[in-house]
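Architecture at a glance
Residue strings, one per chain:
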Amino acid sequence: MTSRDIVCNKIHFRHDPKWSRRLGPVEGGGLLLCVACLIEMIDDEDIASVRKSSALSSVSGVLKCSPGALRELLQQDHRVCLHFTAKLLGMLQTAEDPVTLEKVDQVLVQLLLELQSELSFRFVLDEIHKQLSEQLSVKHFLPTFSFLGNLIKAAPTVSQSLVTHYVPLLDRLCSALLFPDEALKGAVVYVWLQLLGAPGGSAAQSLPSAVRDRVCNVLLKTLANASSPQLLRNCVGLLSQLVHLADAVSVLMNSLSCQVMCDENEDILANNSQSLSQNQDQQPPDHCLLPLILKKLLLSGDENLQVTSAKCIASVLVHSPSQYSAPFINADIPEFLFDRLACSSNEVLLWSAYSCLLLLTEEPLFFSQCHSVYGMESLVRSLKESLQLTNLEVPKQGLLLLREILERQPATVRLFPSAPGFVAVSEVLVVGVSSTCLLVATQAASVTSALFRLDHQSRPVQYEAMIKLIEAITNRFVSLTLPSPAHLRSSGRMKRSDPSSQALRSEGFLLQALVCFQSACRLAEECASDPVLKENMFTAPYKHSGAQDSLESLCQCLLRCCDAVWIPTVIRMCERAPSAPILQNFYSILSSQFTLLPSLMAAFANKLASSGFYKLAVEHKGLLCAGNRNPNLNASCCGFLQKLSMCLLSQSDLPSGSHQHDLKEVENLLLHNLPSLCYRLSEWPSVLCEYQGPQAPKYCLVIMLRLALQQGDRLLPDQIVFSNVVWLLRSVQEQGCVLPHSVLRSALYLLAVTQDKSPSLDGASLNCISKALSSCQSFSSLYFHHPALIHFMCRYPELAEKFAALVLELWLTKEQDTNTGPTRADTQEEKESRADERSDQKTDTETMELLSVMEKYPAVILTLLDMVCTREAPLAERVLGVLEVLLGGQRDYNINLCTNLRPALLQALQRVSVVNTDHGFEEEYSAQVNSLPLVLKLLCVTQASDPPSSPHYSNMEGVHFKLLYHAVSMLLSNSGLMDQLQTVFSSSSFSAPSLSPSACPPLALLCCCHLLLSSLITLQRVHSTQVHKSITWSLDTAVQRLLTQKRNTDSLLLISYLRLLQALLDTDLASEVVCLTSGPGLVGLRPLGIEDGALYPLGSRGAQCLSIALSGLLLQKHELLLRASVNCLSSLLGFLQRKSPATAKHVVCQPWSRFLLHSLLSSGKSCLLHPAILRFIILLLQDSGTPVLREPDLLQVMEAVERRGVKELSKEAEQALRLLLTQIQSRDLLPREEHKQKVKNMIEELGEPDQSCRRSQSHNVLHVGDVPLCLSDFVL
């Protein structure tokens, strides 16, 4: 036999060649194999074991390198094959060399796998069973058991044959475990391990129950007394197989420690030298043995054993946590598992321990024995470590355990009696929700929601830690993969069948985050209801100064995050595919905000409503809740809509008397009817128009339409809303019902605001609306401050007749209350001060709205005028201010408006006149008398808008004449007014030069008195009104002051003074209103001469002084003063012409007139062509002729006109120039033909006179400081 050939040279010659074969070519030196030689060598005891081992090694090589070669030789005669197998089995019993035994085991397994014969397998099993049966002891069966285990491992089909046909052999294997040799026990356990662990698990399922039960009992005894590492590992491995079988678990858990006697003196465990049986006798006699064994394994230093032990515990508990948890808890397994968590970083061990504890939490005993409290610190520490691992399944399992503990912990036992424990958990959860893995973050958010339970809060409550958690979850939204509309359109519907989709994971995190946020809101509400928690009185003193650790800061954080991040994220997520669970929590969160920070809810509610949340919630209800679907979502939406509506309604401008009643009424309506309103917005019109059915749901729709529209959210088109509300009003009346007050107010609001885009109402509809409004006892309770209401009431005469005055009064009263608020009674000075300030302020919005109403509906003006006369002073003043703005607003329709207004003013004056006549201005009628100044002031504005030059004033039967007649009569018959005027004039520096400036009346008052007196003089002369009391005025002092002190006098005062002199001169200084006094400075000494007598009380000397004073004023640059001076000079010359023409000519022809003309002509063309200067030149022509005005002067004027151009002149300058040229032409003052032609050409170029200039100027009232000036008084 060579070193490679498997032959024996001594005996090979006698063997049949068929039993031998050379493997590979002969010339290549292939290996020669003889089966007969191999069998005889195995059987021959004289051959050394080393040689046998070498031969077996070669056979093993043949089986590996030449598959099928040995099988072909043996299949020539199956008896030889069986004989060869039997010889190898025999060697397992007889061989003593471990190497040889290993080779025999290896060759046997390879051979049987090569043969793949059921007959061979059964033959082997039969031989083994036979050997066990023939031997009284299993002492030498260690190799055999090892081979059997390896065979089952290599050929799993053998396991099925064993459990099916070789039950006695299995019994022998169970008995073999009673042998004291731990190596043999290890081999037997190895067989059982491979048998029960065969792929498919069919062998384990088919194992007879008796055998299985015996294996369980014997295994527990073996495991309890095992000391060798190999036996221990095999036993634990077998145990991990058995605990997957429910029946086996039942047997294992019912085996008590008294049934298995353990020896205290067994060998110790490897690594930590701790015996599994140590202190076994100290346990109660009925204590379950398996938990004790597994507990000791947890205490071993071998992490693999710890992992397997934890897995076994989990496998046992999975079958029935309620049945098997108590023994493990009684054995203090949770305590040891928590210890493993605290001191291990092994991923498998951590995950297994988490799983065991998770199952144990289902047993109440786990919490009653305070394992959760004692183990929380270890759990938190392990979670902090596990969150750093790459295997994310571990922290997920740990977070799941923490959540179960938090959720199941009894409220009577606090998990966090002190703040550090709660803070530690919150810090771990902040790391968890910030994890890059969404699944871990989702799990952490779930734990956070469980942590936000009231009984989990420490004392003091750690609001700051909760804020950090909320902010961490909120910040996590940035990385969420939310489906955008563009993405959804391109990719179609999201594939929800793929749970690994990032979008679905994001949706899952969002849902869990919403649950967490809702829990935080609920916790904040509970803390707010508990004074101890709200004040957090157990907080350390040094922390009280900070606002971060307070309930208010938590509430602010919730609102801020909800508004800035959560709302946009949820809306984006549910844009295309609304999720009922997400929306349910979302609307619950929004509802909670209304109770957390009431002070900020008004702004929050306005923002929600204006952002379309009515529409959003209604659409979600209609889409997801119709047909009694998603009742929880429906309840959540209803709660949100109710709180939003009540918040908006509570801040609306309801009258104080009906506020609480309306709130309660609406609250009840929404509470009982919102759940049934599961309609989309497109279905609302049909619901509102249903004739049958309950009305209450329709009322809810009307209220929500109104509240949403108030914030700019139009849920339905205006035309649809308008028509549906009208139809609802009619149907309710037809059914004999009465609308609730709050619903009627909402209906009125909708009608008013939507009227512009809706058709006009017919008579029946107007009658219905009028009837509905009249059914309310107080219209003020229906009023709302909106311009649309005024427009609606004034648009239809049927409504205006009943309600326009009420609406206008409430509008103005509401504005006045808003502007001034509740104040003490104002003094007269304060009222005047406010009136003065009002004149300088920009027209307010409310007034502008009234102006637009009056422009559109002129009848409103008469209503307002009636209010001026019949309402109390504050309201009447406000109405007057509106009418002043109306008439002084430079509008095209002012003249027609004044025409329509004057009859009403006349009626008002006549009414006041009658009252005054009947009651003699008694104090009890002061309310009516107070309206007189307002009516007169309005009359002044009217007159300023339509000047007295109108021909209507000459008709004594016309309204203009009668109106002014009554006005002047009222003023002149007012003795108090005349006394006040006399007092002002007497105290002025003009009348009393010795008075100090501080004792004189204010400049504005003195100017206004001059202007008023001048108007009274003029109007009394025109209307011949009776004067009851005159005013004394010194003409002598006045002329002297004008002559000598004009430089030290304010221009405005000079203007008003000249206006008064002009009015007096127009009446020939003989007005019944003023009694003029004169002196030697004007008329000289008595007896008067003929000329002084004719001009009395002015006199010839006074006329010259006044003329000189007026001539000096013509050199001033002040526009109004220049005009007033020319007008007064014109009146003076007219007075002189009427009384003494010679004096008039003498005054004009004085040298100063020529000097004044020369100064004006030399001042430049801009001054020369001023309308006032042109009028002055005309006066000189009329009264002097040529002595003063010469031909070069006239030519200079015409040259100035030619240089500027006629088209460049103002309208007023054109009129003055036309008059001048006409006089030149008519009096032939320029005799040369070329000059005549030039005058003619200029007249033609000027064209026909334009009357619009005088009219347009008269429409204006100019306010100079506090003095109003009617520009018609200064028309040249």
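Residues numbered from 1 in each chain as written. Predicted model: local features only at pLDDT ≥ 70, side-chain atom pairs only at ≥ 80, totals over all residues. Heavy atoms only, no water.

1. Focus: the overall build of the protein
Looking only at helices and strands, one finds 66 helices and six strands in the protein. Counting all 1276 residues of the protein, 52% fall into the buried class. Long-range contacts, defined here as pairs at least 24 residues apart, represent 75% of the contacts in the protein between residues at least 6 apart. For the protein, the exposed surface amounts to about 55700 Å²; the carbon and sulfur share of it is 52%. (Helix = DSSP H or I, 4+ residues; strand = E, 2+ residues; numbered from the N terminus. Buried < 20%, exposed > 50% of the residue type's maximum accessible area, 1.4 Å probe, protein only. Contact = heavy atoms within 4.5 Å. Areas by Shrake-Rupley, 256 points an atom, 1.4 Å probe, with all protein chains shown as cover.)

2. Quick look at the environment of Ser1162
Along the polypeptide, Ser1162 turns up in the loop between helix H60 (1151–1161) and helix H61 (1165–1168). With 34 residues separating them along the chain, Ser1162 and Gln1196 place their C-alpha atoms 9.9 Å apart.

3. Observations concerning the packing of helix H6 (residues 98–115) against helix H8 (residues 142–154)
Angle between the axes and distance between the axes are the two parameters that describe a pair of packed helices. Direction vectors running N to C along H6 and H8 enclose 35°, while the axes themselves pass 10 Å from each other. H6 and H8 meet at a crossing whose hand is right-handed. Contacts between H6 and H8 involve Leu101, Asp105, Leu108, Val109, Leu112 and Leu113 from the first element and Pro143, Ser146, Phe147, Asn150, Leu151 and Ala154 from the second. Taken together, the residues of the contact of H6 with H8 sort by class into nine nonpolar, two polar and one charged. (Axes fitted to C-alpha atoms, helices over the stretch in contact; angles between N-to-C directions. Left-handed = near helix turned anticlockwise from the far one by under 90°. Nonpolar A, V, L, I, M, F, W, Y, C, P; charged D, E, K, R; others polar.)

4. A few points about the packing of aromatic side chains
Counted according to the given criterion, the structure contains 16 aromatic pairs. Pairing Phe586 with Tyr587 gives two aromatic rings, centres 5.4 Å apart and planes at 55°, and the pair type is tilted. A relative accessible area of 0% places Tyr587 in the buried class. Ring-pair connections join several aromatic residues into one group, and the members of that group are Phe477, Phe509, Phe517 and Trp566. Positioned over the ring face of Phe509 is Arg476, at 5.9 Å from the centre of the ring. The ring of Tyr749 has Arg706 lying over it, and the distance from NZ or CZ to the ring centre is 5.9 Å. (Phe/Tyr/Trp six-rings, centres within 6.5 Å; stacked < 30°, edge-to-face > 60°. Lys NZ or Arg CZ within 6 Å of the ring centre and 35° of its normal.)

5. Let's talk about the nonpolar core
A general trend in soluble globular proteins is that nonpolar side chains are found buried together. Phe145, Trp192 and Phe792 are the most contacted members of the largest nonpolar core, which totals 308 residues. Top contributing element to this core by residue count: helix H30 (residues 551–573), with 12 residues. For Phe792, the residues in contact, after removing those within four places along its chain, are Phe722, Leu748, Leu751, Ala752, Gln755, Leu761, Ile769 and Leu799. (Core = buried A, V, L, I, M, F, W, Y, C linked by side-chain atoms within 4.5 Å.)

6. Quick look at the pattern of salt bridges
All told, the structure shown has 22 salt bridges when counted by the stated rule. Put simply, Glu118 and Arg122 hold a salt bridge, and the shortest N to O gap is 3.4 Å. On the criterion of helical spacing, the pair formed by Glu118 and Arg122 is a turn pair, its members being four residues apart in helix H7 (residues 118–134). Owing to a relative accessible area of 33%, Arg122 belongs among the partly exposed residues under this scheme. One salt-bridge network, in which partners are shared between bridges, spans Arg403, Glu404, Glu407 and Arg408. (Salt bridge = Lys/Arg side-chain N within 4 Å of Asp/Glu carboxyl O.)

7. Quick notes on the packing of helix H17 (residues 303–319) against helix H20 (residues 347–360)
Following both chains from N to C, one finds H17 and H20 inclined at 30°, their axes separated by 8 Å at the closest point. Classified by the angle their axes make, H17 and H20 are roughly parallel. The hand of the H17/H20 crossing is left-handed. On H20, the residues touching Gln306, Val307, Ala310, Lys311, Ile313, Ala314, Leu317 and Val318 of H17 are Val348, Leu349, Ser352, Ala353, Ser355, Cys356, Leu359 and Leu360. Looking at the contact of H17 with H20 residue by residue, the classes come out as 12 nonpolar, three polar and one charged. (Parallel < 35°, antiparallel > 145°, perpendicular 65-115°, else oblique.)

8. Comments concerning helix H23 (residues 393–408)
Here H23 is 16 residues long and its end C-alpha atoms lie 23 Å apart, about the 22 Å a rise of 1.5 Å per residue gives. Counting buried positions along H23 gives 13 out of 16 residues, so the element sits mostly inside the fold. (Expected span 1.5 Å × (residues − 1).)

9. Observations concerning the side chain of Asn724
Assignment of secondary structure puts Asn724 in helix H38 (residues 718–734). Leaving out residues up to four positions away in the same chain, Asn724 has contacts with Pro685, Leu688 and Cys689.

10. What to know about the environment of Ile39
Structurally, the position occupied by Ile39 is in helix H2 (residues 35–43). Once residues within four sequence positions are removed from consideration, Ile39 is found in contact with Val80, His83, Phe84 and Lys87.

11. So, the pairing of strand E5 (residues 1261–1264)
As defined by bridge partners, E5 adjoins strand E6 (residues 1267–1270) across four bridges and the pair is classed as antiparallel. Residue pairing for E6: Val1261 is matched across the bridge by Cys1270. Counted along the chain from E5 to the antiparallel partner E6, the turn is two residues long, and its residue Gly1265 has a positive phi close to 65°. (Pairing = 2+ DSSP bridges.)

12. A closer look at unusual backbone geometry
Residue Pro460 follows Arg459 across a cis peptide bond; omega there is 0°. Along the polypeptide, Pro460 turns up in the loop between helix H25 (438–451) and helix H26 (463–475). In the segment running from Tyr1096 into Pro1097, the intervening peptide bond is cis, with an omega of 10°. Structurally, Pro1097 is set in the loop between helix H56 (1090–1094) and helix H57 (1099–1113). Positioned with a positive phi, Asp332 is a non-glycine residue whose angle comes to about 60°. Residue Asp332 is classed as partly exposed on the basis of its relative accessible area of 30%.

13. Some details on helix H32 (residues 601–610)
Of all the positions in H32, only Met601, Phe604, Ala605, Leu608 and Ala609 are classed as buried. End-on, the buried residues of H32 take up no more than an arc of 125°, which puts them together on one face. The inward-facing, buried residues of H32 abut H30, helix H31 (580–596), helix H33 (613–624) and helix H34 (631–650). Positive backbone phi, at 90°, marks Gly612, one or two positions downstream of H32. (Arc of directions from axis to C-beta.)

14. Concerning the side chain of Arg212
Topologically, Arg212 is positioned in helix H13 (residues 209–225). Among the polar contacts made by the side chain of Arg212, one reaches the side chain of Asp213 at a distance of 3.5 Å. Beyond its immediate sequence surroundings of up to four residues, Arg212 is in contact with Leu207, Leu245, Asp247 and Ala248. (Polar contact = N/O pair within 3.5 Å; in protein donor to acceptor, adjacent residues only side chain to side chain.)

15. Some points on the environment of Gly432
By secondary structure assignment, the location of Gly432 is in helix H24 (residues 419–433). Here the alpha-carbon distance between Gly432 and Gln388, two residues 44 residues apart in the chain, equals 9.9 Å. Once residues lying within four places of it in the same chain are set aside, the contact partners of Gly432 are Leu387, Val440, Ala441 and Ala444.

16. Focus: the confidence of the model for the protein
Predicted confidence across the protein gives a mean pLDDT of 81, with 83% of residues reaching 70 or more. This stretch, residues 260–286, has a pLDDT under 50; its non-local contacts, to residues over four places away or in other chains, come to 55 contacts. Note that residues 818–842 has pLDDT below 50 and, in this model, nine contacts with residues that lie over four places away or in other chains. (pLDDT = per-residue confidence, 0-100.)

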